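# Chain and residue survey
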Amino acid sequence: MQTLEHKHTAEAIRSRLSAGARPNYLRDFVYGGIDGAVTTFAIVAGVVGASLSAHIVIILGLANLLADGLSMAASNYSGTKTEVDELEKLRAMENRHIAVDPDGEREEIRQIMALKGLEGDTLEKAVEAITSNRERWVATMLFEEHGQSGMIRDPLKSALATFAAFVVCGAVPLVPYLLLPGATAMPVALFVTSVVFFGIGSLKSRWSLTAWWKSGLEVLSIGFGAAFAAYAIGYLLRDWAGAV
């Protein structure tokens, strides 16, 4: 018998629905983790390609962790805050429309329910049930007319998740350079960063239909692609970098 993700007893369903939907910050963690590992490892690869000192790796890598991490966190905060502001603006608009023209808004609900296949007495009862509660009425309009689920991630939590993942995953390529000689550090950094790429990809597959190994390889290929490009640029400009 196939195992389902949750139980379908009356009690289990009641408990699950009463808990409500919760925002998921996995997107923010994956976003920050991938970018942190990619950008920092790209710096490592570029410096190695240019045959520069290991100290340059550490300096540029640490600067990237702080500056880019904060920049990404701030950008994610602003983007998520925009979603929150849009939802509140639409909520205020629907409340105003219901107050000024309730019959028109009730007709919108009627047509929305009719498009779902309801008709006659059933349709009118559905309209009455929805419009008898202002909060339910507004929530229905937000979802059906504007495509807003009403469940928005907290901007600050999104920013913190992005920053934390960026710093943790982005620090991985730098650790070998802090603990090992330069010649040994690069192969170790390559290995541990590959593990991070594959791990992040495998983790995000838990929330998708993609097989864990395919998702891991997908993220791994993204990271290696960026690192290869950085290495190639550093290699091509190594003579110029040495002259400077």
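Bear in mind the structure is a predicted one, so any value in this text is a computation, not a measurement. (Residues numbered from 1 in each chain as written. Predicted model: local features only at pLDDT ≥ 70, side-chain atom pairs only at ≥ 80, totals over all residues. Heavy atoms only, no water.)

### Some words on the pattern of salt bridges
Counted only if it meets this: What counts as a salt bridge is simple: a side-chain nitrogen of Lys or Arg found within 4 Å of a carboxyl oxygen of Asp or Glu. A helix here means a DSSP run of H or I that spans at least four residues, while a strand means a run of E at least two residues long, and both kinds are numbered starting from the N terminus. Only protein chains enter the calculation, and the probe is 1.4 Å; a residue is then buried if its accessible area is under 20% of its type maximum, exposed if over 50%, and partly exposed in between.
Across all of its chains, the model carries nine salt bridges by this definition. Two residues, Arg 27 and Asp 28, come together in a salt bridge whose shortest N-O distance is 3.3 Å. Lys 116 serves as the salt-bridge partner of Glu 144, at 3.2 Å between the closest nitrogen and oxygen. Residue Glu 144 is found in helix H6 (residues 134-146), and its partner Lys 116 is found in the loop between helix H4 (102-115) and helix H5 (120-131); the two are separated by 28 residues along the sequence. With relative accessibility at 30%, the residue Glu 144 sits in the partly exposed group. Put simply, Arg 27, Asp 28 and Arg 153 are held in one network by salt bridges that share partners.

### So, the UniProt feature "transmembrane region" (unreviewed entry) in the protein
Inclusion rule: UniProt positions are given in the numbering used here, feature names are shortened, and annotations may be inferred rather than shown by experiment.
The residues that UniProt annotates with the feature "transmembrane region" (unreviewed entry) are residues 41-67, 159-179, 185-203 and 215-237. Along residues 159-179 one finds 86% helix and 0% strand; the C-alpha atoms at either end are 30 Å apart. Between the end C-alpha atoms of residues 215-237 the distance is 34 Å, and the span holds 96% helix and 0% strand.

### Concerning helix H7 (residues 155-171)
Convention followed: Here a helix's expected span is defined as the number of its residues, less one, multiplied by 1.5 Å. This arc is taken over the directions from the axis of the helix to the C-beta atoms. We call two residues in contact whenever any of their non-hydrogen atoms come within 4.5 Å of each other. Pairs of N or O atoms are called polar contacts if they sit within 3.5 Å, as long as, within protein, a hydrogen donor faces a hydrogen acceptor (for residues adjacent in sequence, only side-chain-to-side-chain pairs).
Here H7 spans 24 Å end to end across 17 residues, near enough to the 24 Å set by a 1.5 Å rise per residue. Along H7, the residues that are buried comprise Pro 155, Ser 158, Ala 159, Ala 161, Thr 162, Ala 165, Phe 166, Cys 169 and Gly 170. Looking down the long axis of H7, one finds its buried residues gathered within 160° of arc, a one-sided arrangement. Exposed residues on H7 whose side chains face more than 90 degrees from its buried face are Leu 156, Lys 157, Leu 160 and Val 168. Buried positions along H7 lie against helix H2 (26-49), helix H3 (54-100) and helix H9 (182-204). You can read the cap of H7 off the contacts: a side-chain oxygen lies 3.0 Å from the backbone nitrogen of Leu 156, and it is on Asp 154.

### Some remarks on the environment of Asp 103
Take Asp 103: it is sitting in helix H4. Residues Asp 103 and Ser 75, spaced 28 residues apart in sequence, show a C-alpha to C-alpha distance of 41 Å. Within the structure, Asp 103 has its side chain in polar contact with the side chain of Arg 106 (distance 3.2 Å).

### Here we look at the nonpolar core
Basically, it comes down to this: Definition of nonpolar core: a set of buried residues of the types Ala, Val, Leu, Ile, Met, Phe, Trp, Tyr and Cys, connected through side-chain atoms within 4.5 Å.
Core analysis: the biggest nonpolar cluster contains 28 residues, and Ile 34, Phe 41, Val 44, Val 57, Tyr 177, Phe 197 and Ile 200 have the highest contact counts within it. Breaking this core down by element, the ones donating at least two residues are H2, H3, H7, H9 and helix H10 (212-236). In terms of residues, this core owes the most to one element, H2, which gives 10 residues. Listed in part, the 14 residues of the second largest apolar core include Ile 109, Met 113, Leu 123 and Trp 137.

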